[in-house]
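Summary of structural features
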Amino acid sequence: MKFILAIFASLILSFGTRAHAAATETATFAAGCFWGTEEFFRKIPGVLETKVGYIGGAKKATYNEVSSGGTGHAEALELKFDPSKVTYEKLLTFFWKMHDPTTLNRQGNDQGSQYRSAVFTHSAAQAKLANDLKAKIDASKAWKKPLVTEIKDAGIFYTAEDYHQKYLIKNPGGYDNHYLRELDFK
């Protein structure tokens, strides 16, 4: 009997783990320096995991190579989230309020295509939602200039070097120009 109960408990635990894994989604955002982008999103309830890295270029690159601006990569954040706790639309809304999506290849002191505003989508549903919300925000005129945010399919995300992960936790007071703006997109 104990053997049967152990198998039953193992099956329930295994199913619960798979059900939880199936309930997570991935989102990838580029909004300037990835240190502040990660720090902003990691605090949102429902965001389960964050990692910073590079996306948009043709091959794996180092921070020094990406910083040169010649790789095609953007500094970006890849996050896992629980859509029952925070929706992709809510994450997109935060994204368009936490940085200036009207400046081409620039955020704060950072200049270059590696600091561009971009949404890298992981499904057709994410792409549709991102494009629809971008159009709604432009129409709202909440930002005085048009959004220049690039929306494209997510390619390979290359995780950045370890010292960049959770950088602002390890280095309180480090560079960060991200904050939530009081904008109404209606």
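Before reading on, note that the structure itself is shown above.
To start, this report covers the structure provided alongside it.

Conventions we followed
Residues numbered from 1 in each chain as written. Predicted model: local features only at pLDDT ≥ 70, side-chain atom pairs only at ≥ 80, totals over all residues. Heavy atoms only, no water. Helix = DSSP H or I, 4+ residues; strand = E, 2+ residues; numbered from the N terminus. Buried < 20%, exposed > 50% of the residue type's maximum accessible area, 1.4 Å probe, protein only. Contact = heavy atoms within 4.5 Å. Areas by Shrake-Rupley, 256 points an atom, 1.4 Å probe, with all protein chains shown as cover. Pairing = 2+ DSSP bridges. Axes fitted to C-alpha atoms, helices over the stretch in contact; angles between N-to-C directions. Expected span 1.5 Å × (residues − 1). Arc of directions from axis to C-beta.

Attention now moves to the overall build of the protein. Along the protein, the regular secondary structure elements total six helices and eight strands. Taken from the N to the C terminus, the helices and strands of the protein come in the order α-β-α-β-α-β-α-β-β-β-α-β-β-α. Counting over 186 residues, the protein shows a buried share of 45%. In the protein, the proportion of contacts linking residues at least 24 apart, taken out of those at least 6 apart, comes to 78%. Only carbon and sulfur atoms are counted for the fraction: they give 58% of the accessible area of the protein, which is about 10,000 Å².

A separate point is the sheet that holds strand S7 (residues 150–153). The sheet built from six strands is open, its strands ordered S7-S6-S1-S3-S2-S8 with mixed pairing. Here the strands that pair on one side only, and so sit at the sheet edges, are S7 and strand S8 (158–159). Direction of pairing for strand S6 (residues 117–121) relative to S7: parallel, over a ladder of four bridges. Following the sheet pairing, Thr 121 is matched in S7 by Asp 153. Docked against the sheet, helix H5 (residues 124–140) engages strand S1 (25–31), S6 and S7, running at close to 150° with respect to S6.

The end-to-end C-alpha separation of H5 is 24 Å, in line with the 24 Å expected for 17 residues at 1.5 Å each. Taken as a whole, H5 has its buried residues at Gln 126, Ala 127, Ala 130, Leu 133, Lys 134, Ile 137 and Ser 140. Each buried residue of H5 lies within a common arc of 160° when the element is viewed along its axis, so the set occupies one face. Residues Ala 124, Ala 125, Lys 128 and Ala 139 are exposed on H5 and point more than 90 degrees away from its buried face. Among the structural elements, S1, helix H4 (88–98), S6 and S7 are those in contact with the buried residues of H5. Taken from the residues just after H5, Lys 141 is the one with a positive phi, measuring 60°.

Moving on, we come to helix H2 (residues 34–42). The element H2 is largely enclosed, with a buried count of eight among its nine residues. Taken residue by residue, H2 has Phe 34, Trp 35, Gly 36, Thr 37, Glu 38, Glu 39, Phe 40 and Phe 41 as its buried positions. Those residues of H2 hidden inside the fold are in contact with S1, strand S2 (47–55), helix H3 (63–67), strand S3 (74–81), H4 and helix H6 (167–170).

We now examine unusual backbone geometry. Negative phi is the rule for most residues except glycine; trans is the rule for most peptide bonds. The backbone phi angle of Asn 105 is positive, close to 55°, even though this residue is not glycine. Along the polypeptide, Asn 105 turns up in the loop between H4 and strand S4 (106–107). In the Ramachandran plot, Lys 141 falls in the positive-phi region, its phi being about 60° despite a non-glycine side chain. Relative to the helices and strands, Lys 141 resides in the loop between H5 and S7.

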